[in-house]
Amino acid sequence: PTAVTTPTDAATPGVPPTAEQAADCGPNPENAPVPTAEPYAAAPENDQVSVTVTGIASGAVTPSQPAEIDVSICNDSPVSYPNVGLVVALEHCSCAANPMQIPSGTVEYLDPATDTWVPLQHPVEGGGMDHLGQFTNAQELPKGAAVTVRYRITLDASMGDGDGGVSATVVTADGPLNQLGTARLPFAVVAG
């Protein structure tokens, strides 16, 4: 349920990329097959897509107060991907009192078709790479396509002061679950 906007189709409904992002996301003139790698491994750098996470202009998040971010993907690679997913998760945070610094909180994405927030089932990175299997928004990502998805993160009221962040990773939705691009947005946690 996200908007895919190609340079020739800027009127796609949903959350379009900014004009600058769409202009910068032209198709790569080269052609390459879908890469293969070990499960959870990153695809070769030349075959990766660009990912950016923006928002939280103040650089700080307050527990219990939602903060909105935008995750933008640009397939500037030489590969037309038949099916990719997007994983957005809260990163480990010194704001959490547990030994692994795993925060409590929620992550939701805005469904442009219904204009409602949809909660993610597994919004937090754990102790390994398993969270990459919790992708949403699976869709085709042809060369030159630009996608932007709005998310809302909310840390639990039990979180204290500290440093945290949110990560966004594009993965292959079929096959060995390879990472095709990732970005993160660090933030300070300032408890009220």
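Residues numbered from 1 in each chain as written. Predicted model: local features only at pLDDT ≥ 70, side-chain atom pairs only at ≥ 80, totals over all residues. Heavy atoms only, no water.

A. Broad picture of the overall build of the protein. Looking only at helices and strands, one finds one helix and 11 strands in the protein. Reading the helices (α) and strands (β) of the protein from amino to carboxyl end gives β-α-β-β-β-β-β-β-β-β-β-β. Within the protein, the fraction of its 192 residues that count as buried is 45%. Counting only contacts in the protein whose residues sit at least 6 apart along the sequence, the fraction spanning at least 24 positions is 75%. (Helix = DSSP H or I, 4+ residues; strand = E, 2+ residues; numbered from the N terminus. Buried < 20%, exposed > 50% of the residue type's maximum accessible area, 1.4 Å probe, protein only. Contact = heavy atoms within 4.5 Å.)

B. Seen up close, the state of the cysteines. Under the counting rule described, the total for this entry stands at two disulfides. The disulfide partner of Cys25 is Cys74, and the gap between their sulfur atoms is 2.2 Å. One disulfide, between Cys25 and Cys74, carries an S-S torsion of 105 degrees and so falls in the right-handed class. Highlighted residues: Cys25 in the loop between α1 (19-24) and β2 (50-55) and Cys74 in strand β4 (residues 67-74), separated in sequence by 49 residues. Cys25 gets classed as buried once you look at its relative accessible area, which sits at 0%. For Cys93, the disulfide goes to Cys95, at an S-S distance of 2.2 Å. Of note, the bridge from Cys93 to Cys95 carries an S-S torsion of about 135 degrees and is right-handed in sense. (Disulfide = S-S within 2.5 Å.)

C. How the structure looks around the confidence of the model for the protein. Confidence along the protein averages 87 in pLDDT terms, with 88% of residues attaining 70 or more. The low-confidence segment residues 1-22 (pLDDT under 50) makes 45 contacts with residues lying over four places distant or belonging to another chain. (pLDDT = per-residue confidence, 0-100.)

D. Fine view of the nonpolar core. By size, the foremost hydrophobic cluster in this structure holds 39 residues, and its most contacted members are Val71, Leu86, Val88, Tyr151 and Phe187. Breaking this core down by element, the ones donating at least two residues are β2, β4, β5 (81-90), β6 (105-111), β9 (146-155), β10 (162-172) and β11 (179-189). (Core = buried A, V, L, I, M, F, W, Y, C linked by side-chain atoms within 4.5 Å.)

E. Broad picture of the pairing of β5. Within β5, eight of the 10 residues are buried, leaving the element largely enclosed by the surrounding structure. Bridge count between β5 and strand β8 (residues 136-141): three bridges; the pairing is antiparallel. Across the sheet, the residue bridging to Leu86 is Thr136, located in β8. Where β5 lies against β10, seven bridges are found, and the strand directions are antiparallel. Residue pairing in the sheet places Val88 in a bridge with Ala168 of β10. (Pairing = 2+ DSSP bridges.)

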